[in-house]
Amino acid sequence: MAPSSTVVKVAAVQSAPVAFDLDATLDKLDRLTAEAAAKGAQLVVFPEAFVCAYPKLYDFGAVVGNRTPEGRKWFRKYIDSSVTIPSPAFDRLCAAAATNKVFLQVGIIERDGGTIYCCAVLISPSGELVYKHRKLMPTGSERLVWGFGDGSGLHVAQTELGKIGSVICWENFMPSMRMAMYQKNIEIYLAPTADGRETWPPLIQTIAQEGRCFTISVNQFSTRKDYPEDYPPFAGKDDISADYVVSAGGSCIVSPLGQFLAGPCWNKEETLYADLEMDQIAEGKMDFDVVGHYSRPDIFQLKVDTSQRIALLERVRLTKLMIRKAINQALKPHFATVSVGVAAVGCASDSWAAVPFTTFPAQWPYTEADMRRMDPSPDSNFYSSPRFVTHIDDHAIGVLEKYYASVHSEGMRVLDICSSWVSHIPSYESLELHGLGMNEVELKENPALQGRYKVIDLNVRPAGWKSEYGGAQFDSVICTVSIDYLEKPREVLSEVASCLKPGGYVHLAISNRCFPTKVVGRWLRISEEERLEMVAKYFHFARSPFGHNTDQQPQSNFEPGQLYGAIEKITLSDGQGWTDPLWIVRAKRR
């Protein structure tokens, strides 16, 4: 897709943060962003680790076999000045982009639990997170304080300015990573860095020519006075002046044929500007396209794993699943008693209080940006490898199994959407469970499905898959902690309604765990109660099953609430006592 603008004005901000002072740094970022926007910049790029420090020259008191108390104290200061996503500090970054109506790329130190990561985030002019990239390989002593990123952060985002992506510092020395970005047809290649050597700009020229893309590299210009007085590398060293240069800069902007459009800029704070004539990209590829006519895929191939890596793959649950299955068999008479009379409607329980949703807005309240995910890459990549994880702990799983047992009975036909290797459904002999999921290896492992599954990406095919079931009518539909991943939930729930018997229920289990790069953007910015209300609106605004318009607009005769009634929430676990919270939002097919 060609960008809508043939000329894009960009700004590379060569400056330093107020190291270890988050609020002061955000104030400075606000000012510098406003200055760049006032000069017409559409994309404003800040250096690596601008929010809130690149800890140059410091070892945090660590040597092999020993760490000092002072080093631990400074690490705490570092982590305290980092940014969590979402958080008020991150909201300020989003506000800076939105207020100035620019795309804003900032190098941040991101906190996730007890680990911090060197990240590049791109924020849109509407204040929405476009992508987050965690540095794959911290360099040298950086590995002491920064965690490692994974392939899920290899983003090239299509924007109205062109295709934009970020590669941090010495990642740019990794040929495979550069190739992965070229393969995504990157057009504006951002290279925030902390490398202030004279050998750096020639690398940026090479990348521009190699990828036939515009490259923007921006480094901090920092001096001793940009760091706290008691910063250990300088504390008590009177021979080091306040103007001692810690990072010399070297920021530059380069054309697809390797020509400097601005910079390199050394030994001063300055914002570089350049007009990118986007047509030069196509002109440059006339004689060289590294992933096209100048490639030899018959000889060279590159495999890129864009899946998210987590610390624990809980395959141990296979054993626990077998235990639960045996318990279900032993307690089957109890389940049958609990479920008396529910076969027709699939919903009856005296164990939990159901609270109805009674108030809905007149119109669908969410924007396209609300439903956009941090990682826009195809789910088929993300789920290409089996994960065998459960997103909730054993207590929550046990409560969910009890709930599912209370609303299902022998002889029912149930559809599990967003299914995987376990469905938490009772092991009734005559209950027929069908699964619809993304990874065939996981679906095959699910003993409750007994081979009754379809591999369908609901973000690619939110509608039109009813025919896969030959017109089968289900008594109940379940979805376990996955509704937050759907970009078009109204369409999916409309299709669900078209294969659900009148009076049948849809049960959506919701917790607070997720793959954050894959849930819809609004999910990460709202409270747990607001998430339940959001899901209730999915039901209320589900579209008519008698047709799906390609423009994703409701039909002219569409009225909210046509498909589902009795929309209500149930708290299965309040999350107290170090257990995962768990809710059900359910609705009845009219």
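In case you missed it, the structure is sitting above this.
Let me begin by describing the structure that accompanies this report.

The rules behind each value
- Residues numbered from 1 in each chain as written.
- Predicted model: local features only at pLDDT ≥ 70, side-chain atom pairs only at ≥ 80, totals over all residues.
- Heavy atoms only, no water.
- Buried < 20%, exposed > 50% of the residue type's maximum accessible area, 1.4 Å probe, protein only.
- Helix = DSSP H or I, 4+ residues; strand = E, 2+ residues; numbered from the N terminus.
- Contact = heavy atoms within 4.5 Å.
- Salt bridge = Lys/Arg side-chain N within 4 Å of Asp/Glu carboxyl O.
- 1 Å grid on protein atoms, 1.4 Å probe; cavity = no way out; pocket = protein on both sides within 12 Å on 5 of 7 lines; lining within 4 Å.
- Points joined across faces, edges and corners; volume = space filled by probe spheres on them.
- Nonpolar A, V, L, I, M, F, W, Y, C, P; charged D, E, K, R; others polar.
- Patch = residues over 30% accessible without salt bridge, like charges linked within 9 Å, V, L, I, M, F, W, Y side chains within 5 Å.
- Areas by Shrake-Rupley, 256 points an atom, 1.4 Å probe, with all protein chains shown as cover.
- Lys, Arg positive; Asp, Glu negative; His and termini not counted.
- Charge placed at Lys NZ, Arg CZ, Asp CG, Glu CD.
- Phe/Tyr/Trp six-rings, centres within 6.5 Å; stacked < 30°, edge-to-face > 60°.
- Lys NZ or Arg CZ within 6 Å of the ring centre and 35° of its normal.
- Pairing = 2+ DSSP bridges.
- Axes fitted to C-alpha atoms, helices over the stretch in contact; angles between N-to-C directions.

### Focus on helix α13 (residues 489-498)
Turning to step 1, where the next piece is worked out: The buried fraction of α13 is high, at 10 of 10 residues.
Turning to step 2, where the next piece is worked out: Residues of α13 that are buried: P489, R490, E491, V492, L493, S494, E495, V496, A497 and S498.
Turning to step 3, where the next piece is worked out: Summarising the contacts, the buried residues of α13 are in contact with β17 (413-419), β20 (474-480), β21 (500-510), α14 (528-540), β22 (564-573) and β23 (582-589).

### As for the pattern of salt bridges
Turning to step 1, where the next piece is worked out: In the structure shown here, the tally under the stated rule is 29 salt bridges.
Turning to step 2, where the next piece is worked out: D27 serves as the salt-bridge partner of R92, at 2.7 Å between the closest nitrogen and oxygen. Taken together, the residues R92 in helix α3 (residues 88-100) and D27 in helix α1 (residues 22-38) connect sequence positions 65 residues apart.
Turning to step 3, where the next piece is worked out: We classify D27 as partly exposed; its relative accessible area is 44%.
Turning to step 4, where the next piece is worked out: For D379, the salt bridge goes to R373, with nearest N and O atoms at 3.0 Å. As far as the burial class goes, D379 and R373 line up, both buried.

### Describing empty space enclosed by the protein
Turning to step 1, where the next piece is worked out: Tallied over the entire structure, the rule returns 3 cavities of 30 Å³ or more.
Turning to step 2, where the next piece is worked out: One number sums up the size of the largest cavity: a volume of about 530 Å³.
Turning to step 3, where the next piece is worked out: Lining the largest cavity are 32 residues, with Y383, C418, S419, S420 and S482 positioned closest to its centre.
Turning to step 4, where the next piece is worked out: For the lining of the largest cavity, the secondary structure elements donating two or more residues are β17 and β18 (432-437).
Turning to step 5, where the next piece is worked out: Per element, the largest residue contribution to the lining of the largest cavity is 3 residues, and it comes from β17.
Turning to step 6, where the next piece is worked out: Split into classes, the residues belonging to the lining of the largest cavity amount to 15 nonpolar, 11 polar and 6 charged.
Turning to step 7, where the next piece is worked out: Space inside the second largest cavity adds up to approximately 60 Å³.
Turning to step 8, where the next piece is worked out: Looking at the second largest cavity, the residues that line it are E48, Y54, K56, T193, A194, N219, Q220, S222, Y227, V246 and S247.

### Re unusual backbone geometry
Turning to step 1, where the next piece is worked out: The omega torsion across V51 and C52 is 20°, close enough to zero to call that bond cis.
Turning to step 2, where the next piece is worked out: The residue C52 is located in the loop between β2 (43-45) and β3 (62-63) in this model.
Turning to step 3, where the next piece is worked out: Phi is positive for K101, close to 55°, though the residue is something other than glycine.
Turning to step 4, where the next piece is worked out: One non-glycine residue, Q450, lies in the positive phi region at around 50°.
Turning to step 5, where the next piece is worked out: For Q450, the position within the fold is in the loop between α12 (440-445) and β19 (453-455).

### Structural notes on a negative patch on the surface
Turning to step 1, where the next piece is worked out: On the surface, a cluster of negative charge is made up of D275, E277, D279 and E283.
Turning to step 2, where the next piece is worked out: Among the secondary structure elements, those contributing two or more residues to the negative patch are β15 (270-277) and α7 (279-284).
Turning to step 3, where the next piece is worked out: By relative accessible area, which is 47% here, D275 ends up partly exposed.

### Concerning the packing of aromatic side chains
Turning to step 1, where the next piece is worked out: Taken as a whole, this structure holds 26 aromatic pairs when the rule is applied.
Turning to step 2, where the next piece is worked out: Judged by centre distance (4.9 Å) and plane angle (50°), the ring pair of F46 and F50 falls under tilted.
Turning to step 3, where the next piece is worked out: Residue F50 is classed as buried on the basis of its relative accessible area of 0%.
Turning to step 4, where the next piece is worked out: Measuring from centroid to centroid gives 6.5 Å for Y58 and W74, while their planes differ by 80°, and the two rings are edge-to-face. With a gap of 16 residues between them, Y58 in the loop between β2 and β3 and W74 in helix α2 (residues 69-80) connect regions that are remote in the sequence.
Turning to step 5, where the next piece is worked out: An aromatic cluster is built from F20, Y58, F60, W74, F75, Y78, Y227, Y231, F234 and Y244, whose rings are joined through pairwise contacts.
Turning to step 6, where the next piece is worked out: Across the ring face of W74, the terminal group of K77 is positioned such that the distance to the ring centre comes to 4.0 Å.
Turning to step 7, where the next piece is worked out: One cation-aromatic arrangement involves R490 over W364; the distance from NZ or CZ to the ring centre is 3.9 Å.

### Some words on the sheet that holds β19
Backbone hydrogen bonds are what pair the strands of a sheet, in a parallel or an antiparallel way.
Turning to step 1, where the next piece is worked out: Overall, mixed pairing links the 8 strands, which are arranged β16-β22-β23-β21-β20-β17-β18-β19 in an open sheet. Every interior strand has two partners, whereas the edge strands, β16 (354-356) and β19, have only one. Neighbouring strand axes in the sheet, compared pairwise and without regard to direction, differ in orientation by 20° on average.
Turning to step 2, where the next piece is worked out: One ladder, built from 6 bridges, connects β21 with β23; its direction is antiparallel. Residue pairing in the sheet places L508 in a bridge with V585 of β23.
Turning to step 3, where the next piece is worked out: Sheet strands in contact with helix α11 (residues 394-407) are β20, β21, β22 and β23, and its direction is about 20° off that of β23.
Turning to step 4, where the next piece is worked out: Sitting on the sheet, α14 is in contact with β21, β22 and β23, with an inclination near 15° to β23.

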